[in-house]
Amino acid sequence: MAASSAALSLPKVFRPVLGLGRSGNPAKVTGGSMLHATVILVTPPPAKYGGRHTVTLIPGDGIGPELLNHVRELFRFSCVPVDFEVVNVNSSVATEDDIHNAITAIRRNGVALKGNIETNHNMPPSHKSRNNLLRTSLDLFANMMHCQSLPGVQTRHKNIDIIIIRENTEGEYSSLEHESVSGVVESLKIITRYNSLRIADYAFRLAREKGRRRVTAVHKANIMKLADGLFLQCCKEVASGYPDIQFDSMIVDNTTMQLVSKPHQFDVMVMPNLYGNVVSNVCAGLVGGPGLVPGANYGTNYAVFETATRNTGKSIADKNIANPTAMLLASCLMLDHLRLHDYANMIRGAVLTTMNETRLHTADIGGQGTTSEVVQSVMKNIQSGGPLTTEQI
Amino acid sequence: DFTKSWIIILQTVTLIPGDGIGPEISTAVMKIFEAAKAPIQWEERNVTAIKGPGGKWMIPTEAKDSMDKSKIGLKGPLKTPIAAGHPSMNLLLRKTFDLYANVRPCVSIEGYKTPYTDVDLVTIRENTEGEYSGIEHVIVDGVVQSIKLITEEASQRIAEYAFEYARNNQRASVTAVHKANIMRMSDGLFLRKCREVAENFKDIKFTEMYLDTVCLNMVQDPTQFDVLVMPNLYGDILSDLCAGLIGGLGVTPSGNIGANGVAIFESVHGTAPDIAGKDLANPTALLLSAVMMLRHMGLHGQAKKIETACFDTIRDKKVLTKDLGGNSKCSEFTGEICRRVQDME
């Protein structure tokens, strides 16, 4: 215990020498090193006082604030024992104080629900994406997205059910760039064995947990032989430990082509960061758009929930036309993470009833409802089917 | 015109049949062009790599000379060698002729049903640098870095080509696809160059969109896109995504534009060794690439004639190859198109 707290106070530069992982936890080091520390998962005590959980809320930009207000309204109405600690992050200032405050709040609470923070292009290149900074600082290594077709939503392809697991911290999103000579820019894509093994293991464990039959690794190892080659090799190594699950691989350009023509062949997919970005957006589009799919970012100690496609939705902000489904379902994922399964199922059921039976749709999926109408409908469904709520509608 | 009918200028085109089904689909295209009386003179060449002086792999001199003279090439699928010692042929061709732009027009084919209708867009992909520079290192055991290279020159060149293409083909807008929120410097440079070039083409609308937003919107409503310009990796993924929207690589044309006016048009599907030599192949992709070639050469009338014949045959559904849903042979499909072309005279 003393060792780990001492480790946490060490300056960052000493951590790799002593074989400590980025988050400050003693981690197993592969290969020779001075210290062979074993994996000690220091799980902080849950931020639960008097039976109520505290969750960090980051409104973000665009449609984030209004959708998260609806989430709070719904939680209050349904008597969900969750309190939100709101941390605002201003995307137009150059200092990183705001995002570091948010990160500290998440370290304290362990769980967060966030909207997307816009990256201002007028800033110099040293101004990094706030969302990316959050993910890497908290080591939220796995982004999980479950794409399921909703029977009530009109789409070209029906009955899609794909789980996408995307490595969330390295790859092309390492933000390591430099201009060697004026007019020549290099951007580094980093792939490590540690992270590749970790994400592959996560994918297979999840597949087993959910009773899935097949895991497909998406890569471009024919061109990026070393980088994606390493990723693929790690996936194969992990796959050998799960003989009950079928493992295959597919090149990313073929994957996108197959997704738009024959999406039903995919079950669980695991991939590095950038391909994850492309594939998850394609799949979100296939099941009906950015307003329907929730996403979750999991780390060893922290979890952050948001919409799967991370859109700011600037053009539809404050017009009461945004689709609240994705954010509401993300809040249900959060409740599941907090082990408040009854509340999660209640809200999820109400949202799905609104989507599939009542068919109250917002403009993005072809309907004419407003955001508040959809939320009201969800509340009505909760009231008619569930326990006592704060007020009668 | 009376004077024009006297002189028929035959344009030479270097034909690279390729491997697998390459030779039979090339024969099919030549037959159709003959039926259409297109003023093309084919010069067949082989591009299997040979070791030149100094030990460097290069394409045979006859092939290179032919291309340099004719400036236009039509290529079938080439086999990717495993352990042959030399690099991929496509890569060699790209380096030899500095083929910097890969152009793929994706138009829905009436008669070949896909869940997406009314697709009409063009993807223009930078083909020389970006993520495919091939510069990779193992830093320490278990840590690999792959370098993505973006240069001002290449970005400028591809942006200029994209806008000129839009202008020459009466396209209304050009969209730059990027991820400059994450890759601030590299995609930032690419985007800056596109913006600069857009200033000189005020008649064309210029927009910029994140790669993930493009993917999201593409599978929901592809009709909102017109010309898309992007770096190498995004181009690879998006062009294949768009090919998937219209029916796959078996019906998608593609062209590579190089420096010094060289242009090589190709079919992007594989060599299909399992059906090679059995008269089962579908020549549509190579044929549509050849049509793209005719348009590039300014022979719009001929191009329209052959394209219409091909689309009519597919729409009619009477004579279709197996991959299109029928059970006719390649020669029968070709014959049907030739017949239609001749009827149009």
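What you are looking at is a predicted structure, and each value in this text was computed from that prediction instead of being measured.

(A) Representation of the overall build of chain B within the structure. Scanning chain B from N- to C-terminus turns up 10 helices and 14 strands. A globule of 345 residues ought to have a C-alpha radius of gyration of about 20 Å, and chain B, at 21 Å, matches this closely. Seen along its three principal axes, the alpha-carbon backbone of chain B occupies a region of about 60 × 50 × 45 Å. In chain B, which comprises 345 residues, the share counted as buried stands at 57%.

(B) Spatial organisation of the pattern of salt bridges. Using the criterion set out here, one finds 42 salt bridges over all chains in the structure. In this structure, the salt-bridge partner of Glu237 of chain A is Arg193 of chain A, at a minimum N-O distance of 3.5 Å. Residue Glu237 of chain A is located in helix α6 (residues 227-240), and its partner Arg193 of chain A is located in helix α5 (residues 193-209); the two are separated by 44 residues in the primary sequence. Given a relative accessible area of 37%, Glu237 of chain A falls into the partly exposed group. Residue Asp236 of chain B is joined to Lys220 of chain A by a salt bridge in which the shortest nitrogen-to-oxygen separation is 2.7 Å. Taken together, the positions of Asp236 of chain B in helix α7 (residues 232-246) and Lys220 of chain A in the loop between β9 (214-219) and α6 put the pair across two chains. Just as Asp236 of chain B is buried, Lys220 of chain A falls in that class too. Through salt bridges with shared partners, a single ionic network connects Asp316, Lys318, Glu336, Arg339, Arg340 and Asp343 of chain B.

(C) Layout of the packing of helix α7 (residues 252-261) of chain A against helix α8 (residues 273-287) of chain A. Residues and elements named next belong to chain A. At a minimum axis distance of 10 Å, the contact between α7 and α8 shows a crossing angle of 5 degrees. With respect to α8, the element α7 is oriented roughly parallel. Every residue of α8 that contacts α7 at Val252, Thr255, Thr256 and Leu259 is listed here: Tyr275, Val278, Val279, Val282, Cys283 and Leu286. A per-class count over the contact of α7 with α8 returns eight nonpolar, two polar and no charged.

(D) Molecular detail of the confidence of the model for chain B. Looking at chain B as a whole, its pLDDT mean stands at 91, while 96% of the residues score no less than 70. Overall fold confidence (pTM) sits at 0.88, and the ipTM for the predicted complex is 0.90.

(E) Representation of the environment of Leu338 of chain A within the structure. Residues and elements named next belong to chain A. The residue Leu338 is located in the loop between α9 (325-337) and α10 (341-358) in this model. Given a relative accessible area of 13%, Leu338 falls into the buried group. In this structure, the C-alpha to C-alpha distance between Leu338 and Leu140, residues 198 residues apart in sequence, is 17 Å. In this structure Leu338 touches His53, Val55, Val82 and Val111, once residues within four positions along its chain are discounted.

(F) View of the state of the cysteines. Per the stated rule, a full pass over the model turns up zero disulfides over all chains. Here Cys79 of chain A stays free of any disulfide, with the sulfur of Cys332 of chain A as its closest cysteine sulfur at 16 Å. We classify Cys79 of chain A as partly exposed; its relative accessible area is 36%. Cys338 of chain B carries a free sulfur, and the closest cysteine sulfur to it, the one in Cys330 of chain B, is 10 Å from it. Judged by relative accessible area, Cys338 of chain B falls into the buried class, the value being 9%.

(G) Highlighting α9 of chain A. All names here are of chain A. Look at α9: 18 Å from first C-alpha to last across 13 residues, which is about the 18 Å you get at 1.5 Å a residue. Most of α9 is tucked away: 11 of the 13 residues are buried. Among the residues making up α9, those that are buried are Thr325, Ala326, Met327, Leu328, Leu329, Ala330, Ser331, Cys332, Leu333, Met334 and Leu335. One or two steps after α9, the chain reaches Arg339, where phi turns positive at roughly 65 degrees.

(H) Geometry of the interface of chain A and chain B. On the side of chain B, 51 residues touch chain A, which itself brings 56 residues to the contact. Both faces combined, the contact of chain A with chain B buries some 4400 Å², and carbon together with sulfur accounts for 63% of it. For chain A, the biggest contributors to the area lost against chain B are His121, Arg156 and Met257 of chain A; these three give 15% of the whole. On inspection of chain A and its partner chain B, the count reaches one salt bridge. Linking chain A with chain B are 21 residue pairs in polar contact (both at pLDDT 80 or more). Broken down by secondary-structure element, the contributors of at least two residues to the side of chain A that touches chain B are α4 (130-137), β7 (177-181), β8 (184-192), α6, α7 and α8 of chain A. Taken together, the residues of the side of chain A that touches chain B sort by class into 24 nonpolar, 21 polar and 11 charged. Pairing between β8 of chain A and strand β9 (residues 143-151) of chain B: nine bridges, direction antiparallel. Counted as the bridge partner of Ile191 of chain A is Val144 of chain B from β9 of chain B.

(I) A look at the packing of aromatic side chains. As enumerated under the stated definition, the model contains 11 aromatic pairs over all chains in all. With 6.0 Å between their ring centres and 45 degrees between their planes, Phe204 of chain A and Phe247 of chain A make a pair best called tilted. On the criterion of sequence distance, the pair formed by Phe204 of chain A in helix α5 and Phe247 of chain A in strand β10 (residues 246-251) is long-range, its members being 43 residues apart. The class of Phe204 of chain A is buried, set by a relative accessible area of 0%. Centroid distance Tyr298 of chain A to Phe305 of chain A: 5.7 Å. Interplanar angle 85 degrees. Geometry classified as edge-to-face. Ring pairing ties together the aromatic residues Phe141, Tyr202, Tyr298 and Phe305 of chain A, which thus form one cluster. Taking the ring centre of Tyr210 of chain B as reference, the NZ or CZ of Lys179 of chain B above it sits at 5.7 Å.

(J) Representation of the environment of Glu164 of chain B in the model. Along the chain, the position of Glu164 of chain B falls in helix α4 (residues 152-168). Taking the relative accessible area as the measure of exposure, Glu164 of chain B reaches 41% and is therefore partly exposed.

How each quantity is defined
Residues numbered from 1 in each chain as written. Chains lettered and ligands numbered in written order. Predicted model: local features only at pLDDT ≥ 70, side-chain atom pairs only at ≥ 80, totals over all residues. Heavy atoms only, no water. Helix = DSSP H or I, 4+ residues; strand = E, 2+ residues; numbered from the N terminus. Rg over C-alpha atoms; globule rule 2.2 N^0.38 Å. Buried < 20%, exposed > 50% of the residue type's maximum accessible area, 1.4 Å probe, protein only. Salt bridge = Lys/Arg side-chain N within 4 Å of Asp/Glu carboxyl O. Axes fitted to C-alpha atoms, helices over the stretch in contact; angles between N-to-C directions. Parallel < 35°, antiparallel > 145°, perpendicular 65-115°, else oblique. Contact = heavy atoms within 4.5 Å. Nonpolar A, V, L, I, M, F, W, Y, C, P; charged D, E, K, R; others polar. pLDDT = per-residue confidence, 0-100. Disulfide = S-S within 2.5 Å. Expected span 1.5 Å × (residues − 1). Buried area = accessible area lost by both parts, 1.4 Å probe. Polar contact = N/O pair within 3.5 Å; in protein donor to acceptor, adjacent residues only side chain to side chain. Pairing = 2+ DSSP bridges. Phe/Tyr/Trp six-rings, centres within 6.5 Å; stacked < 30°, edge-to-face > 60°. Lys NZ or Arg CZ within 6 Å of the ring centre and 35° of its normal.

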